[in-house]
Structures are given as structure tokens and as C-alpha cells.
Amino acid sequence: SDDGKLSFDEFKAYFADGVLSGEELHELFHMIDTKNTENPDTEELCKYFSQHLGEYENVLSVLEDLNITILKAMDKTKKDYQEASTLEQFVTRFLLKETLNQLQSLQSSLECAMETTEEQTRQERQGPTKPEVLSVQWPGKRSARRLQKNSLLPNSPHFNTGWAEEDSQWMTQINRLQKLIDRLEKKDLKLEPFEEEVLEENAKSHIMIVQRQMSVIEEEMEEFRLSLKQYVESASSQGGCLHVSIQKLPSDSRFIVYEFWENSNAWNSHLQTNYSKTFQRSNVDFLETPELITTMLVP
């Protein structure tokens, strides 16, 4: 609430990681609250985490320097790009793309480490309690909930555990996806000579399919529908978006959104847009549990 302090509800909404139970979060909250005020301030928060940083103290320091360096480079690019020669503009685009690729590679490694540590903790815990996540009204603030990403690879632990209870629904979605792909490939049946499509050397040969599952709070259903409608309209108007569809499960208040993007770059660019970030921020208040995002590349 921008008062420099954390209530327990705010603490849970931000720090719940899907592993710690509500009781364990409450115990951690009181460990940080050394002044026993039930509202630890930023000084107490920093003091607690600085005691446990270890090697990550250097990591966070380097990331801060990297952020400043990238912002300076972006500012310089903005000023010089338009007046640069064709060759200089090409080099700038290449460097931007290479920087992005390096950052995405680093992000993938971190996400893999996060998923591995979380899965290991879940396996070690005996009878884990379902974690609690509380929605808190933070107007204009960055989403406090972390998006959970799973791979659709058959050997993924999330594939075997997270989807085991919904095998029939999953197979139904696969069949629908296959029909949609067939329609995209065949369209109308016409006896016409076969035409080869010659791809450019750097063309992207995979489309990105995204499945987003959102469990909505009943009282927020109307506001969520309006927010979702605005999001879908904005996403559908993007050049890299091929198709967006929505399913509402009749048994509960769960929505499933399917998005088809030309390639992973188009999807990543979409995530950085204002309308996408606005939708994520609004979901902090509308959803019962963190949104589940699953992605898959299809040739």
C-alpha cells in the first residue's frame, strides 16, 4: 500500500512461492518482523535477506549494473539509429538481437533451476499443505504473482503430475489442436498443382502455441470478463498473432485461453506490450490462484 511496511496479507501475496504452506509463511513473516509490530518495514526485510544472500549478493549487484548499462545503450540507440548508415543500423539490430538471445538463455537456465528446486522440495516434503495465495489491492503495481511455466514434453515431471488428473481433457485439447492445424494447412480441398513454399534463410519455422489457465474469483467475474475481452481484442490486432480463442469450463470459474503466435519472438514481444502488462496486473485481483501458462512450439 506504499506505506513502506508490509501487512501479512501483502507479504503472502508477494512471497508465496507455491511450496511453503500458509503456516510456514506466517512463521517466516514473524522471523522478519524483529520489532514485533505485525508490519515489518523495508529495513527489516532487507536485513533478513542480506544475511542469506551468499553468492547472490554478487549476482544482484551485477544485474543492477547490467540494467543501467542496457538502459544507457537503449538511450544511445534511440538517438543515433535514425541517422546511422544502413550498415550501422544492421549492426545495431544484430547487437540488440544477440543481447536479447543471451538474456533469454540466462532466463531459461534460471527457470530450469527454479523448477528443479521446487520439484525437489515437493518430493522431499511429507504430506505438503496446499500453499495459500491472497489477492491484495495494489493499484498500478507490478503483479505480485509469478507465472508458472510448464513444458509440454512427455518426460517433464509437470506433465506427469500436473496433468494426470485431466488426461481426458488434455487428449480432447490435443485432438482439437490437430483439427485446427489440419484446417490451417489444408483450408479448402481444391485439386490444384502443388506449390512449394521457399523459406528465407533466417525464417522462423515454428509457431508458438500458448495455453493460459485462470481460476477467477466469483465476485470479480464481471470485471475479469471485461479485462479479458480488452486483452483478446488487443492481442488479436497484433501482427504476429495468428489466433486467440477462449473456453469457459462449466464446472467451475476457470477460463482457458489459447493463443497462436507466428514464433517465440512474437510472443515475447507481446509480453512486453502495455496491454499485456495491464492484463497481468489486473489478474492479481481477479484470480484465486496464480495463472498457469503452458507453451509449445509446433513446426
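What you see is a predicted model; the values in this text were computed from it and never measured. (Residues numbered from 1 in each chain as written. Predicted model: local features only at pLDDT ≥ 70, side-chain atom pairs only at ≥ 80, totals over all residues. Heavy atoms only, no water.)

**So, the overall build of the protein chain**
A count of helices and strands for the protein chain gives ten helices and five strands. Within the protein chain, the proportion of its 299 residues that are buried is 29%. In the protein chain, of all internal contacts separated by at least 6 residues, the share reaching a separation of at least 24 is 71%. Per element, the accessible surface of the protein chain, about 20900 Å² overall, is 53% carbon and sulfur. (Helix = DSSP H or I, 4+ residues; strand = E, 2+ residues; numbered from the N terminus. Buried < 20%, exposed > 50% of the residue type's maximum accessible area, 1.4 Å probe, protein only. Contact = heavy atoms within 4.5 Å. Areas by Shrake-Rupley, 256 points an atom, 1.4 Å probe, with all protein chains shown as cover.)

**Quick word on the packing of aromatic side chains**
Tallied over the entire structure, the rule returns 13 aromatic pairs. Relative to phenylalanine 49, the ring of phenylalanine 15 has its centre 5.8 Å away and its plane inclined at 15 degrees; by these criteria the two rings are stacked. You can see phenylalanine 15 sitting in helix 1 (residues 8–15) and its partner phenylalanine 49 sitting in helix 3 (residues 42–50), a full 34 residues away along the chain. Overall, the relative accessible area of 34% leaves phenylalanine 49 in the partly exposed class. Among the aromatic residues, those joined into a cluster by ring pairs are Phe8, Phe11, Tyr14, Phe15, Phe29, Tyr48 and Phe49. When the ring centre of phenylalanine 255 is taken as reference, the NZ or CZ atom of lysine 248 above it lies at 5.7 Å. (Phe/Tyr/Trp six-rings, centres within 6.5 Å; stacked < 30°, edge-to-face > 60°. Lys NZ or Arg CZ within 6 Å of the ring centre and 35° of its normal.)

**Here we look at the environment of isoleucine 217**
Position of isoleucine 217 among the secondary structure elements: in the loop between strand 2 (207–215) and helix 8 (221–236). Sequence separation of isoleucine 217 and leucine 287 is 70 residues, and the distance between their C-alpha atoms is 5.5 Å. Not counting residues within four places of it along the chain, the set of residues in contact with isoleucine 217 comprises Asp285, Phe286, Leu287 and Glu288.

**Brief notes about the environment of alanine 13**
Within the fold, alanine 13 resides in helix 1. Sequence separation of alanine 13 and valine 284 is 271 residues, and the distance between their C-alpha atoms is 8.8 Å.

**Here we look at the pattern of salt bridges**
Following the criterion strictly, the structure yields six salt bridges and no others. In this structure, lysine 35 and aspartate 41 form a salt bridge, with 3.2 Å as the shortest nitrogen-oxygen distance. For aspartate 41, a relative accessible area of 18% puts it in the buried group. Salt-bridge contacts for arginine 212 lead to glutamate 259; the nearest nitrogen and oxygen are separated by 3.2 Å. Residue arginine 212 is found in strand 2, and its partner glutamate 259 is found in strand 4 (residues 254–261); the two are separated by 47 residues along the sequence. Residue arginine 212 shares its accessibility class with glutamate 259, and that shared class is buried. A single salt-bridge network, built from bridges that share partners, covers Arg212, Glu259 and Glu291. (Salt bridge = Lys/Arg side-chain N within 4 Å of Asp/Glu carboxyl O.)

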